[in-house]
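Now for the letters of each chain:
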Amino acid sequence: MAGNEWINGYLEAILDSRSSSISEAEDRYHLHQPSASFKLNLTRYFVEEVVIGVSETDLHRMWIKVVATRNTRERSSRLENMCWRIWHLARKNRHLELEESGRVTRRRLEREEGRRDATEELAEEEDLGLSIEEGSYRGGGCQDQLMKRYQRQVSGIQVWSDENREKKLYIVLISLHGLVRGENMELGRDSDTGGQVKYVVELSRALSMMPGVYRVDLLTRQISSPDVDWSYSEPTEMLSPGSYEVEDGDDDDIGESSGAYIIRIPCGPRDKYLSKELLWPYLQEFVDGALSHIINMSKALGDQIGKGHRPVWPYVIHGHYADAGDVATLLSGALNVPMVFTGHSLGRNKLEQLLKQGRQSEDINATYKILRRIQAEEMALDASELVITSTKQEIDDQWGLYDGFDVKLEKILRARQRRGVNCHGHYMPRLVVIPPGMDFSSVDAQEEELASDGAASHLKIPSIWTDVMRFLTNPHKPMILALSRPDPKKNITTLLKAFGECRPLRELANLTLIMGNRDDIGEMSSGNANVLMTALRLIDKYDLYGTVAYPKHHKQSDIPDIYRLAARTKGVFINPAFVEPFGLTLIEAAAHGLPIVATENGGPIDINNALNNGLLVDPHDSKAIADALLKLVADKNLWHECQRNGWRNIHLFSWPEHCRTYLTRVAACRMRHPHWQMDTPVDEISMEESLGEESLKDVQDLSLQLSFDGERNWLNSGVDQHELEKIAAVDAKCDLELQEQVKNILKQIKRYPNKKVEKEERNVIYSYPLLGRRRRLFVIAVDSYDEKGFPDKTMVRVIKQVLKGVRSDSQLARISGFALSTAMPVLETLEVLRSGKIQITDFDTLICSSGSEIYYPGTYNTFSDDRFKFDPDYMTHIEYRWGYHGMKNSLMKLMNSSSSSSSHDMIREDVKSSNPHCISFLVKQDASKLKAVDDLRQKVRMRGLRCHLMYCRNFSRLHVVPLLASRSQALRYLFVRWGLNVANMYVILGDKGDTDREEMVAGCHKTIILKGVVQQKDFLTSERYWSESCKKEDMIPIGHDNPFIVCTGTGGVPNSDQILNALQQVSRSASLMS
């Protein structure tokens, strides 16, 4: 490079490009639009457009060209260009390292700050003498019951036994991605169909055999693609009949629905098999389908084994992996039943590993949707009663990376609970280690079979043995067995290098690689194909022909035979993965009498400590791998000792042991179930008969008794006498009857003091909402507000046009009901309706305050003239993990900490819009200082608080509601509570709105988006205020191929005919999917 004077110009251009204030967009504009005031700098253009755009792939391609160049001058020029690119790449990698270091430091400081703030808040509250017995804070209902239950748990957990046989539990497991079936599992076909599929299938079978478990449902996605077997499109597949230890001739416990089943729920494109990274937008649809199945099955089980036809609700809902964790979170919230979560492989840990490898975060997220996955895992932590891990290392090194779990804060909260001190909504999930189990039914006569070598000659040789041995020159040599899919993280290439570079090992043993199933490497995914091609090149490089076997196909039933072949030859099983979350294959190998060599990172540490049947190695050190393998193969005494140790301790990993520990831990959780009593009288008038009536309101005598069991602190905490008088004095022009109804409701709320409800006051007769008789429900959720957050005229116009459009079809009007879903409190909602001269009784339900309240205006009962009722059971339903004061104080501190002016300039509490389950804050209209919802949720989680946050009312309010409350979850509550069919719900939204709007777009309901109706400033509709962690297309289905979503117009409020046409269009599109 000597003599090239223009190098200094390059260096100057590089320095200038870093300090220049001209944006990239402006530079490109000037390059295409030259003017007299702009001088094109070719040097800067070369640096910015050529050098900075470098990647490792570009360097490799350039090096190939350089090597192939014969012209000396051209070769020198290309080498020079390449040197520049290498220099820039090294600088970029250094910059990434600095960014990573800064990110880790900031995260550590944020976690410490969150822990410190939470500890200080708890200490202040304790100093004030707020104990668990007082329960005087808002949202603190039933905390004394929780403390008593917790104290029973820590005093001594009762191990699950045969005494629980009479319980007859219903358990729901969810494993969404991959190809799931009970027989001939295609393990290794792709990265989604691996050990997790086998684990959940065997867990389902094993649980169904336990005493006290009546039915186990494994929910997964239904796939009708021509690319996969037809069996994956079957709605139901039986795994086990559930005959758990039935005595001779005694099958009384076996019912028509007992046992374990795979239930396949359709979601997303019906004719496509999607990888797990592409399933995220369709999870809401899966939730609705799963909810429908669970409700129907609970009712059926109630008829079979329930008393008095009471539904048998799931005992627990267990999500496996992040996508199923997201689904389980919504399902457990809708049904109010406990949730358990198993991560299997964690997103934050994978992200850390990929960043250390020099991958850029944008590329990682584009490939793996890693940020959406992390968001789902954080939500699962929020909602889980129990998080099951395979190893202690997983708790310390992997879950410790998450905002929702802090070991130190968890210990502080547990200590307070033991002392009976109120935690005021602060919560940390319980993480426990329960190693996966194994089915030992295929392991028969292990020791005897291996001891009698002569007996093998009389047995039929399995076909897989022939497939393996045809690769080997001397198949009698000890076999080193590796069994995994061809994934880069499984580290197969390092194993081949270790084997190829160790001559004594090659001479003493063979190597067998079971790398999934393949027909054509060219048709495999790029990652898997690259691993296989690299393996073939290494086999050729080290001339390993005759000593390495790599069959193309094998069945799941062949796996035990492969283990037996390796054990018969006195071989060794190896798992060289860089990180192994658990290592189920290590247990399988030990059960078949194989010593193990395994990675020292992850679950193998705990497995080897329990079994003591092998050696651990550094997966990056090929020499250490070769030495460990050689030691076990050459030393027969050590080999036999490891084999005996494995057989002696393998019972620790049996499925009965796993399920016993599992059920024991679940039984110690806080049991939850729907609070309402299912004693609604059966409607004697058929829907066909009711269609001929003038109105559905003519149906009489449909009373419902709602339960008021337990404490109702929330009933007394949100309304005072001054507010009662204020509400009663609504504008004199308001309907006096409606005033009286609202006043009666608030008086009913005031009636119940902060003490146990007397027996005679526990049950209150309420009118049965007509909502339960509707075949269609039209939900209006258009968020149209002015700059100050007050509803504008557009909202009223949309409501009127929707009502008019639906009522223009007489047949549709007779079977349809209406709901209004809004962020406004109920009083303000009533004022808006009155201003538009809209009757409150036009609506069957009002969902107010961002989903924290539900009211029923359209009711009829012969015992009462009241037609406006609130739903107290919904209040109890969303009470879970809600701490009013702790949440309010934390949000005030977090939001105002970034304000340079007065401490109350950024937000202040909006008392008028708040209620016991919704904290409303007025937000200063300074978008540059607003924090994203995900950023706020992250900091709240670090303080041990769980909630649902959203900016609403044109970003003039910040609403904080309980974890189980939201406008979308309120619709699912109506589905469960009143039997509404989600598929017959029509949700009408604007193309902009509150930050919880996206949650209402996807699902099995039909969505009509009114374009141009809601007016917001462009910077306020940025995704920054909704989510910084993932893109919108990872949350909701975007595109023209979704039949459940229809958009109308390009601007302005559509008229009634346009709305009716949109409703008919989305109905026709959705019907084609069924």
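To be clear, the structure that these remarks concern was listed above.
A quick note: this is a predicted structure, and the numbers were derived from the prediction, not measured.

One pair of aromatic rings is described through two measures. These are the centre distance and the angle between the planes. Summed over all chains, the structure comprises twelve aromatic pairs. A centroid spacing of 5.6 Å and a plane angle of 45 degrees characterise the contact between Y199 and W655, whose relative ring orientation is tilted. One end of the pair, Y199, is in helix α7 (residues 195-208); the other, W655, is in helix α25 (residues 655-667), with 456 residues separating them in the sequence. Owing to a relative accessible area of 6%, Y199 belongs among the buried residues under this scheme. Following the ring pairs from residue to residue traces out a cluster consisting of F341, W399 and Y402. The side chain of R348 reaches across the aromatic face of Y402, ending 5.4 Å from its centre. The ring of Y986 carries K1006 above its face, with NZ or CZ at 5.7 Å from the centroid.

Counting buried positions along strand β27 (residues 985-990) yields six of six residues, so the element is predominantly enclosed. Here β27 shows a buried face lined by M985, V987 and L989 and a second buried face lined by Y986, I988 and G990. With four bridges connecting them, strand β17 (residues 776-780) and β27 associate as parallel partners. The partner of V779 across the bridge, within β27, is V987. Bridge count for β27 against strand β28 (residues 1006-1010) is five bridges, and the pairing is parallel. Among the inter-strand pairings, V987 is bridged to a residue of β28, identified as T1007.

Our next topic: the sheet that holds strand β26 (residues 957-961). Two strands in a sheet stick together by hydrogen bonds in their backbones, pointing the same way (parallel) or opposite ways (antiparallel). If you trace the four strands from one edge of the open sheet to the other, you get β23-β24-β26-β25, paired in antiparallel fashion. Looking along the sheet, the strands with just one partner apiece sit at the ends: β23 (907-909) and β25 (948-952). For this sheet, the mean inter-axis angle between neighbouring strands, taken without regard to orientation, is 25 degrees. Here β25 pairs with β26 via five bridges, running antiparallel. When the bridges of β26 are listed, L949 appears paired with V960. Across the sheet, helix α34 (residues 884-896) lies against β23, β24 (919-923), β25 and β26, angled at about 160 degrees from β23, the strand it touches most. Helix α35 (residues 933-942) contacts β25 and β26 of the sheet and is inclined by roughly 150 degrees relative to β25.

The rules we used
Residues numbered from 1 in each chain as written. Predicted model: local features only at pLDDT ≥ 70, side-chain atom pairs only at ≥ 80, totals over all residues. Heavy atoms only, no water. Phe/Tyr/Trp six-rings, centres within 6.5 Å; stacked < 30°, edge-to-face > 60°. Helix = DSSP H or I, 4+ residues; strand = E, 2+ residues; numbered from the N terminus. Buried < 20%, exposed > 50% of the residue type's maximum accessible area, 1.4 Å probe, protein only. Lys NZ or Arg CZ within 6 Å of the ring centre and 35° of its normal. Pairing = 2+ DSSP bridges. Axes fitted to C-alpha atoms, helices over the stretch in contact; angles between N-to-C directions. Contact = heavy atoms within 4.5 Å.

That is the geometry; function is a separate question.
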